[in-house]
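# Structural overview
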Amino acid sequence: MRPRNAAATREAILASALEAFTRAGYDGVGVREIAEAAGVTAMLVNRYFGSKEGLFAEVVEAAMAERTVLTGDPATLAADLAASLVRRTAPEAARLDPFLLMLRSAPNPRAADILRAGIERHVEKHLTDLLPGREPTGPALALSVIAGFWVMRTLLGSTALAHADEAVVVAKLEKVFEVLLAE
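Fair warning: this is a prediction, and the values are worked out from it, not measured in the lab.

Thresholds, definitions, all that
- Here, residues in each chain are numbered from 1, in the same order as that chain's written sequence.
- This being a predicted model, a pLDDT of at least 70 is required before a residue's local features are given, and a value of 80 or more before pairs of side-chain atoms are given or counted; all residues contribute to the totals for chains, interfaces and linings.
- Side-chain measures here rest on the full set of heavy atoms in the structure, leaving out hydrogens and waters.
- Secondary structure elements are taken from DSSP: a helix is a run of H or I of four residues or more, a strand is a run of E of two residues or more, and numbering for both begins at the N terminus.
- A helix is expected to span 1.5 Å multiplied by its residue count minus one.
- By definition, a residue's bend is the angle between the axes fitted to the seven residues ending there and the seven starting there.
- Working definition: with a 1.4 Å probe on protein chains only, accessible area under 20% of the residue-type maximum means buried, over 50% means exposed, and in between means partly exposed.
- Any pair of residues with heavy atoms lying within 4.5 Å of one another is described as a contacting pair.
- When a carboxyl oxygen of Asp or Glu lies within 4 Å of a side-chain nitrogen of Lys or Arg, that pair is called a salt bridge.
- Patches here are clusters of residues that have more than 30% relative accessible area and form no salt bridge, with a 9 Å joining cutoff for like charges and a 5 Å cutoff for nonpolar side chains (Val, Leu, Ile, Met, Phe, Trp, Tyr).
- Residue-level accessible areas treat just the shown protein chains as cover; the underlying method is Shrake-Rupley with a 1.4 Å probe.
- Whether two aromatic rings pair depends on their centres lying within 6.5 Å, for rings of Phe, Tyr and Trp, where Trp uses its six-membered ring; planes under 30 degrees apart make the pair stacked, over 60 edge-to-face, and the rest tilted.
- Comment: the charge-over-ring label is applied if NZ (Lys) or CZ (Arg) is within 6 Å of the ring centre and within 35 degrees of the ring normal.

The end-to-end C-alpha distance of helix α7 (residues 109–130), which contains 22 residues, comes to 30 Å, matching closely the 32 Å that a straight helix rising 1.5 Å per residue would cover. Along α7, the helix axis deviates most sharply at E120, where the bend reaches about 40°. The set of residues buried in α7 consists of A111, A112, I114, L115, G118, I119, H122, V123, H126, L127 and L130. Next to the buried residues of α7 lie α4 (52–65), α5 (77–88), α6 (97–105) and α8 (137–155).

Written out as structure tokens, the structure is:
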């Protein structure tokens, strides 16, 4: 098999797995289903990733490495976080696969361990690196607010959040993030 094909096959498996785990969670999908959607055999999936757990870990790595809400400017971080979160949870916004992946897979203890490590390694570390010397629970609390707001506005469709003036919501969230991420 040529390396170019191997890379394409690997990417097809990862894309299939991301879609499947995001839709059904870790416990709701098997390697055979992922393989079939990628146009390969389950044996090939295991050859590339070792196991379903290994495949899930690579999916989490890829999903968490991409920046969906966080920015890189510490001076405007609270405002940027608030505006981005409101924009990314608007009814017309594209779905946020990392959140769905987390929500639907977290009930499995091993998947939760993999998700926690991925979030800490990519998302929480990014926040901590942006804000050196600050209290270490601040980034984790900010991520908790992000996740809770996303669930309430997107999944549950909170009437108050769905119909609120977005500028007001952004302003209030900005204040929350300023407190959580303060020195």
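Still more to cover.
It is worth spelling out the pattern of salt bridges at this point. The tally for this structure, following the rule as stated, stands at 9 salt bridges. For E33, the salt bridge goes to R23, with nearest N and O atoms at 2.7 Å. Remark: R23 occurs in helix α1 (residues 3–24) and E33 occurs in helix α2 (residues 31–38); sequence separation between them is 10 residues. The class of E33 is partly exposed, set by a relative accessible area of 36%. Note on R23: relative accessible area 39%, which makes it partly exposed. As a salt-bridge pair, R110 and D113 come within 3.8 Å of each other at their nearest N and O atoms. With R110 and D113 both in helix α7 and 3 residues apart, this pair spans about one turn of that helix.

Right, let's talk about a nonpolar patch on the surface for a bit. Together, L103, M152, L155 and L156 line one region of the surface with nonpolar side chains, adding up to about 350 Å² of accessible area. Structurally, the position occupied by L156 is in the loop between α8 and α9 (159–163). We classify L156 as exposed; its relative accessible area is 59%.

Before going further, it helps to examine α8. For α8, with 19 residues, the first-to-last C-alpha span of 26 Å sits near the 27 Å given by 1.5 Å per residue. The complete set of buried residues in α8 reads G138, P139, A142, L143, I146, A147, F149, W150 and R153. Buried residues in α8 make contact with α5, α6, α7, α9 and α10 (166–180).

Take the packing of aromatic side chains next. The tally for this structure, following the rule as stated, stands at 5 aromatic pairs. Arranged with centres 5.9 Å apart and planes meeting at 15°, the rings of F21 and Y26 form a pair that is stacked. Overall, the relative accessible area of 0% leaves F21 in the buried class. Between the aromatic rings of F21 and F56, the centroid separation amounts to 5.0 Å while the plane-to-plane angle is 90°, which identifies the pairing as edge-to-face. Taken together, the residues F21 in helix α1 and F56 in helix α4 connect sequence positions 35 residues apart. Pair check on accessibility: F21 and F56 agree, each one buried. A network of ring pairs unites the aromatic residues F21, Y26 and F56 as a single cluster. Above the face of the Y26 ring, K52 is positioned so that its terminal group lies 4.4 Å from the ring centre.

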